[in-house]
Every structure is written in structure tokens, then in C-alpha cells.
Amino acid sequence: MPDQTVLSLRDITLSFGPKVIQKNISLDVHKGSIFAVMGGSGCGKSTLLKSMIGLLRPSAGEYHVGDENYWAGNEAHRTDLNHRFGVLFQSGALWSSMTIGENIALPLQMFTDLKPDVIRRLVELKLGFVGMLQAIDLYPSEISGGMRKRAGLARALALDPDILFFDEPSAGLDPITSARLDDLILNLRDGLGATIIIVSHELSSLFHIADDGIFLDAKTKTPIARGSPRDLRDHCTDPQVHAFMHRERDEEGNT
Amino acid sequence: MTDRTETGSPPATQSGNDRTPQWHLQGEQNAPVMVLSGTWQARTGNIPVFPKDGLKKASGAHLSFQTSDVQGWDTGLIAFLWDLKRVAHDAGISLDMQTLPGPMRQLLELLPEAPDEPVHHKKVRQPFLETIGTHTIAAVTEVGVVSELGALTVKGAVQTVLGRSRMRLIDLLTNTADAGPYALLIVGVVNFLIGAILAFVGAVELQKFAAGIYVASLVGIAMVREMAAVMTAIIMAGRTGGAYAARISTMQGNEEIDALNVFGIPTSTYLILPTVLSLIITMPFLYLYGCLIGMLGGFVVAISMLDITPAGYFHQTVTAFGIGQFIFGFTKSLVFGAFIGLTSCRIGLKAGRSAADVGIAATRAVVVGIVGVIAIDAIFAVIADVLGI
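Analysis parameters
- Residues numbered from 1 in each chain as written.
- Chains lettered and ligands numbered in written order.
- Predicted model: local features only at pLDDT ≥ 70, side-chain atom pairs only at ≥ 80, totals over all residues.
- Helix = DSSP H or I, 4+ residues; strand = E, 2+ residues; numbered from the N terminus.
- Rg over C-alpha atoms; globule rule 2.2 N^0.38 Å.
- Buried ≥ 20, exposed ≤ 12 C-beta atoms within 10 Å, placed from the backbone.
- Contact = placed C-beta atoms within 7 Å.
- Nonpolar A, V, L, I, M, F, W, Y, C, P; charged D, E, K, R; others polar.
- Pairing = 2+ DSSP bridges.
- Axes fitted to C-alpha atoms, helices over the stretch in contact; angles between N-to-C directions.
- Domains from an automatic or database assignment.
- Parallel < 35°, antiparallel > 145°, perpendicular 65-115°, else oblique.
- Left-handed = near helix turned anticlockwise from the far one by under 90°.
- Core = buried A, V, L, I, M, F, W, Y, C linked by C-beta atoms within 7 Å.
- pLDDT = per-residue confidence, 0-100.

(A) Up close: the overall build of chain B. Along its length, chain B carries 11 helices and 5 strands. Against the compact-globule benchmark of 21 Å for 389 residues, chain B has a radius of gyration of 37 Å, which places it well outside the compact range. Principal-axis analysis of the C-alpha atoms places the extent of chain B at approximately 115 × 60 × 45 Å. Counting the 389 residues in chain B, one finds 35% classified as buried. Taking the contacts inside chain B whose residues are at least 6 apart along the sequence as the reference set, 82% of them involve residues at least 24 apart.

Given below as C-alpha cells:
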């Protein structure tokens, strides 16, 4: 079914205590799309991502995952919904006391009844996808930052989620590795039929992979533009979005 | 036309339940077709493994796929296809990827046909004697490193006195507040109970000889000479030493120590001096406080159990120990403070950079602190015996 809405936010307000981070966020993420959350530093991109994966309850608004109201149910209900999510954290967030293989195996051990050899086979497969099979028995402290990120991606894929969240996937990676990661994301989207929400300000990668998106403004604390990064670059008239998409300084001289 | 068919597991449900994942090879020698059917879900745990010799008879051929009977699939199917891809690669058979649907093809193309061997940690077994030797050398080295760290800290302290130091006063104050006033409650409770327990033990025995009044001497001497200093040090090793080690090893993980080193800010004066100094400042006070509270504990028990007047207990306590024993306990508390501060900082600096390493460092700091304090106390006892204190 084309244009099926997987996630929808309606008038979401995010705040830490009395301090409002973003308000009036409404968006729909369609099945199979790669949705970019854009904006300058400190505008609340990561906070929005946090609330979408259930780490921060919005102070107002409604959030639906499929047909389910995410925040209406109890914790167990949210955990069930979270099994549809795979999250790649900014620096991988691998559990440091376990090997890479054990990191990926843990969700499978916790939430399935599969036998150890079957789990091992699936772990190898997920690591094979990201080209990290040789690191299966290494500890996170023994591999480089880029590899940690890829291993984090493999862990995000552990339970075959249909919605993937990436927090700054290419931050801290060299251009070649980052381009390869972009291709990997596209391949995984096409292969798994997953929907991807990506928080990033890596423009080249956004233009390459994202086909929908939202632009958050730090000053007005609201979204100010919607559409794919390419469209925003070519057609958006808002001076701030224009400046962001073309790497210019805005009128006041800030980047 | 020689139709050869090889069927894959699980064979039990050939007919009937057609949702189980099934495969078979059909077709001629040169153009075998892999026919897949059923539902291939990884979660069900019934994904078949493609046998290593599954393509033996079809060597030198071109393998194509027929997937029209697959009803649903996820990465489980890809796991099977990956098996096949590796076996085919080893057998020198090429796969006709174009006959796979797009998504399967894209995922399968990500997977290497000849994956690199996983990197393993080689465990070299050392001979027993060598292990002992290595550990001994490591222990001696560690003593040297801690001494050097102590020397650097003393140097930093001298520079502080001369006004050329880079220690921040605010660090010293916060550390001192944490090691001093905030520790009063727990030090008080423990020493009170120790004094009370000593009085109980003593009272039971001494009463038999009608020497109940000597409970005051027993509690006084024990607290001043040993218990107040040792118990306070053990509490501080667990409470403050563990905290220092955890804090410094977390800084290590955040590259904060590296940043200090690059700026040329010596860790010895910036980090270690305030912690060691704060313990050296607070430990004697905590020792005095511990002595008093311990005697109070003994007093409460003695007064309620025995036929002693408060004035009598007080008088007996004051005459029980001389200034020498007091100086002895006081010196010990200073040494314990310096020891706990130095070792916990050293353990924190030596720790690895992961979350698990922080836990290991904190544990080690507490264990080394407690064992070390008791060992040093034993050394002091021997010295005191020789000197006749």
C-alpha cells in the first residue's frame, strides 16, 4: 500500500520542565521513506528523536505509531511498540562489557526463543550486512569509531525492525566511510522495506538519501519548513533554511 | 532431460503446511534452479541451513532462482541465501542474481561470499613460575609508580606553599567538604557502635573480676590506638577512595585526562594533590571525632550495664592512655589518608576507558584501600612494639 503513514506527530510540544525546546511539531512519516530531521545545533533535533523512541514524554500533542497512540498506553505497551524500532545512537552506544557479537545477540536472547546457534547465525548475518563480520568477537573498546557506528547499526537491525532511527549517522566519519554508510542505509531501506528517520546536518548525505524531512528552528522553537532536503535546497524561500542548505551565513552573521 | 531433485529441510512437512520454509534444486546439470517456497521468518527459528556439499553435483554451473512461491520473508531468507552464496563461491558456481527480486538481491549483495575470519584473542598460557614472576614485577613496579606519584604530589604541594602552584583552591575545598563534613554521620555511627561493642565484650569479662571500671581503659586505649584510625580509614577507603577512582576513570574515558596532558596541566597537582590533601586534612579530624564518639559509645554501654558513675568512667578514661598512644593513632590516620588518596587516584588513572572499567577501578580502589590500610596498621603495630610505644 503506497503512502501508508507509519509515524505521525500532531502538535507535539517538547520541553524540559518549564523550558520549551520545540512546539507545534506535526509530521507524517510514510512507509519506506527516509525522513530527515534538520536544523542548526541546539534546535532540538535530538530531543525530537528522543521523544519518538520513547525516552522523553512530550508535554503536549499526540504521537501515533501505525494505528497505536504511543504515549497513551503503559510501559509494556510502549516496549512492544519499541520492538518495531531500531535505533542507531550517535556514538554507537554499544554495551562495553560485551563483545560486538554479544551486543547484537542480547535483544535476540531477551525477546525470542531462538537457540544459541540460530542466534549466532543471525548475528553473523547482521554483521555481514554492515561488513563487520571479522569483529564479532572483539570488544567495543578495541574497534574504531566508524566500526562502532556500523556495529551499532547491526545491533539496531537485530530484531528486524521496520522503523529505523539514526542519530547523526555520519558524524565523525570520513567522507568515504560516510558515503558507504549512506549506500548501506539505502540498500537496507530497499532490502528490508524499512522506514528511516534520520537526524543529521551532514548536507551531502541528506541530499543523497533523504526523500522527506522537516526543518526545526531554534529561535522560534517551531518547524519552519517541510519537504525533502533537495526540494528545500532548490525551492525554499525562508532565508534561514536557504542559508542552512547552501552553507551560508545568515543575515546576523551566525553560521 | 535428467531431472534431478534435491530437497531441503525441514522435510517432515512436505505437504499440508506449506508455510514452512522449503527449498529444492531442480533442473539440469548446467542450469540448476533453486526453488524456494513457504514463509521465511527468522523469528520462527526454522530456517534451514544450506548443506556445505549441497552443490556438489552441480559444479561448473550457473544457478538461478525461482522465488514466486515465497509467501513472506525477512532476514531469515537472506541468512539461507548467504549460506548458498558461500557454498556456491567455494564450488565455483556463479549465482544469477537477476532472477532474485530486487530487495533480496540488494541485501544479498551486501554480504561477502568469502568473509574474513573473525579476529580472536589468542590466549597464551604462561608457565606458573613465569606468572608469579610477572605479578611480582608488576607489584614492585606499581609500588614504584605510586611512590613517584606521591613524590610528584609532594612537589606540587611544595610549589603550592611557594605560591607557584596550579592547584585550584575550589577543588581542594569541594574535596575537603566531601571527605570531611559529609562523612561525619557514617564515621560517627560506625565508631559509636565499635566503642559500644568493645564495652560489651569487655564488661562481660571484667565484671567477673570486679574490674568493671577498666572497661573505660579498654575502650579508651583501643579507640585511640587502633580502632578509630582503622575504622575511619576503612570507611573513607570505601566511601571516598572508590568515588575518586570512579571519577578519575570516567574522566579517562571522556578523554579529559588527555586534554589535561595536552595543555600541560600536571595531573599530579591538578587532580591528585587536592584529593590527597583533602584526605590528609580531614582524616586526623575524623580520627579525633571517631575517638570521642567511640568513647561515648563505650560510656553509654558501661553506664547502663555496670555499676560505674559517669565521673568515674571519665576519670578512668583520661588516665588510661598517654600522649604517646594518641600521637601514634594520629600519625596512622595521616598515613592512611595519604595512602587512600594516592592509591585510589593511581587506580583511576590506570583504568581502561569503558563503563566496565569504571566499575573495576572503583572495586579495586576499595579492595586495595581496605587491605592496604589493615596491612599498614600491622606494620605500625610491629614498629610500635619495637619502639615500645
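We are not done yet, so read on.
(B) Representation of the overall build of chain A in the model. For chain A, the count of helices and strands is 9 helices and 10 strands. In terms of overall dimensions, chain A is globule-like: its C-alpha atoms have a radius of gyration of 18 Å, near the 18 Å expected for 255 residues. Seen along its three principal axes, the alpha-carbon backbone of chain A occupies a region of about 60 × 45 × 40 Å. Across the 255 residues in chain A, those meeting the buried criterion constitute 42%. Within chain A, contacts between residues at least 6 apart in sequence are counted, and of these 64% link residues at least 24 apart.

(C) Focus on the interface of chain B and chain A. Tallying the contact residues gives 26 residues for chain B and 25 residues for chain A. Counting only elements with at least two residues in the side of chain B that touches chain A, the list comes to helix 1 (75-91), helix 2 (102-110) and helix 11 (355-387) of chain B. Per-element tally for the side of chain B that touches chain A: the top contributor is helix 2 of chain B, with 5 residues. For the side of chain B that touches chain A, a count of residues per class yields 14 nonpolar, 7 polar and 5 charged.

(D) How the structure looks around unusual backbone geometry. All names here are of chain A. For alanine 93, which is not glycine, the phi dihedral falls at a positive 50°. Judged by C-beta crowding, with 17 C-beta atoms within 10 Å, alanine 93 ranks as partly exposed. Despite not being glycine, glutamate 168 has its phi angle at roughly 50°, a positive value. As for its position among the elements, glutamate 168 is in the loop between strand 7 (163-167) and helix 6 (175-192). For glutamate 168, a count of 20 C-beta atoms within 10 Å gives the class buried.

(E) Structural context of the sheet that holds strand 2 (residues 19-30) of chain A. Residues and elements named next belong to chain A. Read across the open sheet, the 4 strands follow the order 2-1-4-5; overall the sheet is antiparallel. Among the strands making up the open sheet, the edge pair consists of strand 2 and strand 5 (68-69). Pairing between strand 1 (residues 5-16) and strand 2: 8 bridges, direction antiparallel. From the neighbouring strand, isoleucine 12 faces strand 2, where its bridge partner is isoleucine 25. The strands touched by helix 1 (residues 45-52) within the sheet are strand 1 and strand 2, with strand 1 carrying the most contacts at an inclination of about 120°.

(F) Geometry of the sheet that holds strand 8 (residues 195-199) of chain A. All names here are of chain A. On the basis of which strands lie adjacent, the open sheet formed by 6 strands has the order 6-7-8-3-9-10 and mixed pairing. With one partner strand each, in any of the chains shown, strand 6 (85-88) and strand 10 (223-226) form the two edges of the open sheet. The mean inter-strand angle of the sheet, taken between neighbouring strand axes irrespective of direction, is 15°. One ladder, built from 4 bridges, connects strand 3 (residues 34-39) with strand 8; its direction is parallel. Bridged to phenylalanine 35 within strand 8 is isoleucine 197.

(G) Expanded view of the domain arrangement of chain B. On domain assignment, one finds that chain B holds domain 1 (6-110) and domain 2 (149-387). Taking only C-alpha atoms into account, the centre of domain 1 of chain B sits 70 Å from that of domain 2 of chain B.

(H) Molecular detail of the pairing of strand 3 of chain A. Residues and elements named next belong to chain A. Counting buried positions along strand 3 yields 6 of 6 residues, so the element is predominantly enclosed. Side chains of strand 3 alternate between two faces, with Ile34, Ala36 and Met38 and Phe35, Val37 and Gly39 buried alike. Where strand 3 lies against strand 9 (residues 212-216), 5 bridges are found, and the strand directions are parallel. Bridging from a neighbouring strand, alanine 36 pairs with glycine 213 of strand 9.

(I) Structural view of the pairing of strand 4 (residues 62-73) of chain B. Residue and element names in this part refer to chain B. Relative to strand 4, strand 3 (residues 32-40) is paired through 7 bridges, and the arrangement is parallel. In the sheet register, glycine 38 faces strand 4, and the bridge partner there is valine 70. Where strand 4 lies against strand 5 (residues 94-95), 2 bridges are found, and the strand directions are parallel. Paired with leucine 63 across the bridge in strand 5 is leucine 95.

(J) Spatial organisation of the environment of alanine 177 of chain B. Residue and element names in this part refer to chain B. Structurally, alanine 177 is set in helix 4 (residues 169-179). On the neighbour-count criterion, alanine 177 (13 C-beta atoms within 10 Å) is partly exposed. As a C-alpha pair, alanine 177 and phenylalanine 380 span 203 residues in sequence and 29 Å in three-dimensional space.

(K) Quick peek at the packing of helix 3 (residues 100-111) of chain A against helix 4 (residues 116-129) of chain A. All names here are of chain A. Two elements in contact, helix 3 and helix 4, have axes separated by 9 Å at closest approach and are oriented at 125°. The angle between helix 3 and helix 4 falls in the class oblique. Crossing angle aside, the handedness with which helix 3 passes helix 4 is right-handed. Contacts between helix 3 and helix 4 involve Gly101, Ile104, Ala105, Leu108 and Gln109 from the former and Ile119, Leu122, Val123, Lys126 and Leu127 from the latter. A per-class count over the contact of helix 3 with helix 4 returns 7 nonpolar, 2 polar and 1 charged.

(L) Structural detail: the nonpolar core. With 99 residues, the main nonpolar core has Val37, Met132, Ala154, Ile196 and Ile198 of chain A as its most contacted residues. With 8 residues, helix 1 of chain B is the largest single contributor of residues to this core. Residues within four places of alanine 154 of chain A in sequence aside, it is in contact with Ile104, Lys126, Leu127, Phe129, Val130 and Met132 of chain A. Formed by 62 residues, the second largest nonpolar core is a distinct cluster that contains Ala233, Leu271, Leu273 and Ala361 of chain B.

(M) Geometry of the packing of helix 4 of chain A against helix 1 of chain B. With their axes 10 Å apart at the nearest point, helix 4 of chain A and helix 1 of chain B run at an angle of 85° to one another. With respect to each other, helix 4 of chain A and helix 1 of chain B are oriented roughly perpendicular. Contacts from Arg121, Leu122, Leu125 and Gly128 of chain A of helix 4 of chain A reach helix 1 of chain B at Thr75, Ile78, Ala79 and Trp82 of chain B. Taken together, the residues of the contact of helix 4 of chain A with helix 1 of chain B sort by class into 5 nonpolar, 2 polar and 1 charged.

(N) Just the environment of alanine 233 of chain B, in detail. All names here are of chain B. Take alanine 233: it is sitting in helix 6 (residues 214-253). Each C-alpha atom, one on alanine 233 and one on isoleucine 137, is 28 Å from the other, the two residues being 96 residues apart in sequence. Not counting the four nearest positions on each side in its chain, alanine 233 is found in contact with Ser333, Phe336, Ile340 and Val373.

(O) Broad picture of the confidence of the model for chain B. All names here are of chain B. Here chain B averages 86 in pLDDT, and 94% of its residues register 70 or above. Within the model, pLDDT remains below 50 along residues 1-16, and this stretch shows 17 contacts once partners closer than five positions in the same chain are excluded. Per the prediction output, this complex has pTM 0.74; the corresponding ipTM is 0.78.

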